[in-house]
Amino acid sequence: MSARVGAVAPSATLAVDAKAKALHAAGVDVVGFGAGEPDFPTAAYIVEAAVMACHDQANHHYTPTAGLPDLREAVAQKTRRDSGFQVTASQVLVTNGAKQAVYEAFATLLDPGDEVLVPAPYWTTYPEAVALAGGVPVPVPTEESDRFHVTVESLEAARTPATKVLLFVSPNNPTGAVSTPEEVLAVGRWAAEHDLWVVTDEIYEHLVYGDNVFTSLPVVVPELADRCIVINGVAKTYAMTGWRVGWLIGPPDVVAAAGNLQSHATSNVSNVSQRAALAALEGGLTAASEMRAAFDRRRVTIHRMLNECNGVTCLEPEGAFYAFPSVRDLLGTKLAGRPVATSADLADVAIDEAKVAVVPGEAFGAPGYLRMSYALGEDAIIEGVTRLGKLFATAE
Ligand SMILES: Cc1ncc(COP(=O)(O)O)c(C=O)c1O
């Protein structure tokens, strides 16, 4: 095994989800807060478009690596409509999920030793994708007292002559933080001032709650548009995680280079999935806003119930579909008679003793916390947090 690939950690979120699903398959009544995916089925009109696509022989063969021309155009249009970022189809590369877009963005931008600022807590994939591209991920801590919002001061403290890229993501996975328009403006201006590139992940753009608003960084800081890669996809907005369609948007030369890389790795994304994604983008946001309303109700429930648990404090999630409670007050205790020194220990005890799957903060560079997806039914949320509450009440 190469040192490069040997050093890659498995995805902790997928591992927790796999463990929960295996227990479920074995007949155990487990509540899974691990998965980062909507529990809703993909809307029927999208599935129907895929069925039609299967019958069309044009989809049985290779198509352009960068994506079906109609889909690239629809992504450009949707971006202009939803975020206001003025882009053309030539700036769009359709990828196998946003995950491949993240990977290709860093592979295209980084030379060995280039540093990437990654605000922490971070989605587990970012540091691995940076390291695989030969770059150096530099975690930039954000604080619970700042509601985990990234600040220019902390970014500036982490900047060195080797810093090339800032990774920006709002709404955030795992914290649910949504940067305000003023904060996005400040961060973007700071990046522009220091000639940094920005990779900005907008996959949760439609999942913001209360007074929070989504702000696209290259829209509020247009001088960054030439040094910015936007990541997005259909997975979270349209409940399409399994279809594997995402995209990156960037300057045409960067998009062409990333397309060359993709042409040797995966060629075109499955045509059937691309046709389904096209139907999703052309079908408007009605289904998405219904899901958003359901997530919002669940968010209120999980936030209230977690704060009622012994030893837990939880900020109100502002976006995405994750609660990120602190369990630091439970560390150093025994739960159900088992010693709990870390949040990773606590997650083990939770699955073994309460049959509740949660992802420990260690997976996100934030020990002492748990990530709990609330993309599951209200009854399951109530049952799962009630079980955790009973477990945490045993702390001694
Ligand atoms: C912040 C963020 N970006 C990207 C992705 C990947 O999305 P996709 O399923 O399109 O690869 C995820 C999935 O969990 C995510 O949380």
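Within every chain, residues take consecutive numbers counted from 1 along the sequence as written. Note on the predicted model: pLDDT of at least 70 is required for a residue's local features to be given, and 80 or more for side-chain atom pairs to be given and counted; whole-chain, interface and lining totals, by contrast, use all residues. Only hydrogens and water are set aside; all other atoms, that is, all heavy atoms of the structure, feed into the side-chain values.

### Quick look at the environment of A350
And step 1. The way it works is that DSSP assigns letters per residue, a run of H or I at least four long becomes a helix, a run of E at least two long becomes a strand, and they are numbered from the N terminus. Note on placement: A350 falls in helix α13 (residues 343-354).
And step 2. Residues A350 and G67, spaced 283 residues apart in sequence, show a C-alpha to C-alpha distance of 43 Å.
And step 3. Beyond its immediate sequence surroundings of up to four residues, A350 is in contact with K355, V356, V358, L388 and L391. By definition, residues are in contact when any of their heavy atoms lie within 4.5 Å.

### Thoughts on the sheet that holds strand β13 (residues 359-360)
And step 1. Within the open sheet, the 3 strands sit side by side as β9-β14-β13. Their pairing is antiparallel. The open sheet has two edge strands, β9 (322-323) and β13, and neither has a second partner. If DSSP finds at least two bridges between two strands, the strands pair.

### Considering the nonpolar core
Soluble globular proteins tend to pack their nonpolar side chains together in the buried interior.
And step 1. Counting residues in each nonpolar core, the largest one holds 69 residues, and the members touching the most others are F33 and F106.
And step 2. Per-element accounting of this core gives the leading share, 6 residues, to helix α5 (residues 97-109).
And step 3. Every residue in contact with F106, bar those within four places of it in the chain, is listed here: V116, Y126, A129, V130, A133, V165, L167 and V199.
And step 4. Residues belong to one nonpolar core when they are buried, are Ala, Val, Leu, Ile, Met, Phe, Trp, Tyr or Cys, and are joined through side-chain atoms within 4.5 Å. Think of it in three bands: residues with accessible area under 20% of the maximum for their type are buried, residues over 50% are exposed, and the middle band is partly exposed, with areas taken using a 1.4 Å probe on protein chains only. Counting 44 residues, the second largest nonpolar core, distinct from the first, contains L68, A191, L224 and V269.

### Structural notes on the site of the ligand
And step 1. One heavy atom within 4 Å of a molecule or strand makes the whole residue count as near it. Every residue near the ligand is listed here: G97, A98, K99, W123, Y126, N173, D201, I203, Y204, A235, K236 and R244.
And step 2. At 2.6 Å, a side-chain N or O of D201 approaches a nitrogen atom of the ligand.
And step 3. In this structure, an oxygen atom belonging to the ligand sits 2.7 Å away from a side-chain N or O atom of K236.
And step 4. Each accessible area is a Shrake-Rupley result for a 1.4 Å probe, and residues are judged covered by the shown protein chains and nothing else. Computed on the free molecule, the ligand has an accessible area of 400 Å², of which 93% lies beneath the protein chains in the complex.
And step 5. Considering every element that reaches the shell around the ligand, the biggest residue donor is α5, with 3 residues.
And step 6. Gly is put with the polar residues, along with every residue not named as nonpolar or charged; the nonpolar set is Ala, Val, Leu, Ile, Met, Phe, Trp, Tyr, Cys and Pro, and the charged set is Asp, Glu, Lys and Arg. Counted by class, the shell around the ligand contains 6 nonpolar, 2 polar and 4 charged residues. Residues adjacent in sequence count toward polar contacts only when both atoms are side-chain atoms; beyond that, a polar contact is any pair of N or O atoms within 3.5 Å, and within protein one must be able to donate a hydrogen and the other to accept it.

### Overview of the sheet that holds strand β6 (residues 197-201)
And step 1. Pairing in this open sheet of 7 strands is mixed, and the strands run β2-β8-β7-β6-β5-β3-β4 from one edge to the other. The open sheet has two edge strands with one neighbour each: β2 (92-95) and β4 (136-141). Between one strand axis and the next, the sheet turns through 20 degrees on average, direction left out of account.
And step 2. Sheet topology places strand β3 (residues 115-120) next to strand β5 (residues 163-169); 3 bridges connect them, and they run parallel. Lines fitted to the C-alpha atoms define the axes, with helices restricted to the stretch that makes contact. Angles between their N-to-C directions range from 0 to 180 degrees.

Functional significance is not addressed by these values, which are geometric in nature.
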